[in-house]
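# A look at the structure
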Amino acid sequence: MRVLLVEDERALARAMQRGLTAQGLLTDVEHTGTDGLDAALTGSYDVIVLDLMLPGLNGYDVCKHLRAAGVWTPVLVLSAKDGDYDQIDALELGADDYLTKPFSFPVLVARLRSLIRRQGVDREPVLTAGDLRLDPATRQVTRGDDILELTPREFGLLQFLLRNKGIVVTKLDILQNVWDSAHDGGENAENLVEVYVGYLRRKVDQPFDTHSIQTVRGAGYRIVEDTG
Ligand code: CA
């Protein structure tokens, strides 16, 4: 079991390295985001412990680059920041778990072991419609050979449409699944869905002259295979 620890507080990193190694988790340490990313990209680790506030490249960016490169080694984010927003942000960027400093060492070890065990088991399959492809594990979206940059909301919308490929979903279905499960619709909310469907089409269809995302008048939307 090999662990990559990316942590710039050297005393903390040393103590964690000693502790993890004593638990049978062989641990390499990097002190900057850039060195951490280089090490992580080798893909030779079973799990990565990643601090958020790092010199060079912050933890968010390390995680984003890693997933974009198709490396899906589980990442546990470790941070002094404790706002809900930071946690959601880290998870949306492809981290698998999150611990706030100060943390309990036994909890960290238990979480790492659980991430290592889960690896490869929980992976949601890649979703496709023709040559449009969404990989939930790496959060990468591609059309043919082109990598598409989607915001988290656009990603969620596309994922929902693809999970229901060929089936008409209503604006209310979309609101409740991509925005808020308690959403009761309303005109403004439906406009919001239209706006986001527009954003998504501009990224996944218009540049490729395809019409994957169809409007079904009076009913909703449906994604189909259209390779242009
Ligand atoms: Ca730090």
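Note that this is a predicted model, so its numbers are computed, not measured.

## A word on the sheet that holds strand S2 (residues 26-30)
Strand order in the open sheet made by the five strands is S2-S1-S3-S4-S5, with parallel pairing throughout. Every other strand in the sheet has two partners, leaving S2 and strand S5 (97-100) as the edge strands with one partner each. The mean angle between the axes of side-by-side strands here comes to 20 degrees, regardless of whether they run parallel or antiparallel. In this sheet, S5 lies alongside strand S4 (residues 75-79) in parallel orientation, the contact comprising four bridges. Bridge pairing in S5 links leucine 78 to leucine 99. The strands touched by helix H2 (residues 33-41) are strand S1 (2-6), S2 and strand S3 (47-51); relative to S1, the strand with the most contacts, the crossing angle is about 160 degrees. Along the sheet face, helix H3 (residues 59-68) touches S3 and S4 and points at about 150 degrees away from the line of S3.

## Thoughts on the packing of helix H6 (residues 152-163) against helix H7 (residues 171-179)
Running from N to C, H6 and H7 cross one another at 125 degrees; their axes reach a closest spacing of 10 Å. Considering the angle they form, H6 stands oblique to H7. When the axes of H6 and H7 are compared, the crossing they make is right-handed. Within the contact between the two elements, H6 uses Arg153, Gly156, Leu157 and Phe160 and H7 uses Asp173, Ile174, Asn177, Val178 and Trp179. Residues belonging to the contact of H6 with H7 are distributed by class as follows: five nonpolar, two polar and two charged.

## Thoughts on H3
Every buried residue of H3 is accounted for by Gly59, Tyr60, Val62, Cys63, Leu66 and Arg67. An end-on view of H3 places all buried positions within 165 degrees of arc, on one side of the element. N-cap assignment for H3: the residue whose side-chain oxygen lies 3.0 Å from the backbone N of tyrosine 60 is asparagine 58. Glycine 70 lies just past H3 and shows a positive phi near 80 degrees.

## Side note on the nonpolar core
Judged by nonpolar contacts, the single largest core of 25 residues is most densely connected at Val141, Leu158, Leu161, Ile174, Leu200 and Ile223. Going through the elements one at a time, strand S6 (127-129), strand S7 (132-135), H6, H7, helix H8 (187-204) and strand S11 (220-223) are the ones with two or more residues in this core. Considering every element that reaches this core, the biggest residue donor is H6, with six residues. When near neighbours in sequence (up to four residues on either side) are disregarded, valine 141 contacts Leu132, Arg133, Leu134, Asp146, Ile147, Leu148, Leu150, Phe155 and Leu158. By size, the runner-up hydrophobic cluster in this structure holds 20 residues, among which are Ala40, Leu52, Leu54 and Tyr60.

## Some points on the pairing of strand S10 (residues 213-216)
In the sheet, S10 pairs with S11 via four bridges, with the strands oriented antiparallel. Following the sheet pairing, valine 216 is matched in S11 by glycine 220. As consecutive antiparallel partners, S10 and S11 are separated by three residues, and within that stretch glycine 218 has a phi angle of approximately 75 degrees, a positive value.

## Some words on the environment of glycine 220
Counting through the fold element by element, glycine 220 comes out in strand S11. Along the backbone, glycine 220 and alanine 39 are 181 residues apart, and their C-alpha atoms lie at a distance of 46 Å. If we skip the residues at most four places from it in the chain, glycine 220 touches Val168, Val169, Thr170, Gln214 and Thr215.

## A few points about the sheet that holds S6
Taken in spatial order, the four strands make up an open sheet running S6-S7-S8-S9, and their pairing is antiparallel. Edge strands, defined here as strands with exactly one partner in the open sheet, are S6 and strand S9 (146-148). Within this sheet the neighbouring strands show an average axis-to-axis angle of 20 degrees, counted without direction. Contacts between H6 and the sheet are confined to S6, S7 and strand S8 (140-143), with S7 contributing the most and set at about 110 degrees to the helix.

## Things to note about the pairing of S7
With three bridges joining them, S6 and S7 adopt antiparallel strand pairing. Within S7, the residue paired with leucine 127 across the bridge is leucine 134. Linkage of S6 to S7, two consecutive antiparallel strands, is achieved through a turn of two residues, within which glycine 130 is found at a positive phi near 65 degrees. The pairing of S7 with S8 spans four bridges and is classified as antiparallel. Bridge pairing in S8 links leucine 132 to arginine 143. Hairpin connection from S7 to S8: four residues lie between these consecutive antiparallel strands, with arginine 139 at a positive phi of about 60 degrees.

Cut-offs and rules
Residues numbered from 1 in each chain as written. Predicted model: local features only at pLDDT ≥ 70, side-chain atom pairs only at ≥ 80, totals over all residues. Heavy atoms only, no water. Pairing = 2+ DSSP bridges. Helix = DSSP H or I, 4+ residues; strand = E, 2+ residues; numbered from the N terminus. Axes fitted to C-alpha atoms, helices over the stretch in contact; angles between N-to-C directions. Contact = heavy atoms within 4.5 Å. Parallel < 35°, antiparallel > 145°, perpendicular 65-115°, else oblique. Left-handed = near helix turned anticlockwise from the far one by under 90°. Nonpolar A, V, L, I, M, F, W, Y, C, P; charged D, E, K, R; others polar. Buried < 20%, exposed > 50% of the residue type's maximum accessible area, 1.4 Å probe, protein only. Arc of directions from axis to C-beta. Polar contact = N/O pair within 3.5 Å; in protein donor to acceptor, adjacent residues only side chain to side chain. Core = buried A, V, L, I, M, F, W, Y, C linked by side-chain atoms within 4.5 Å.

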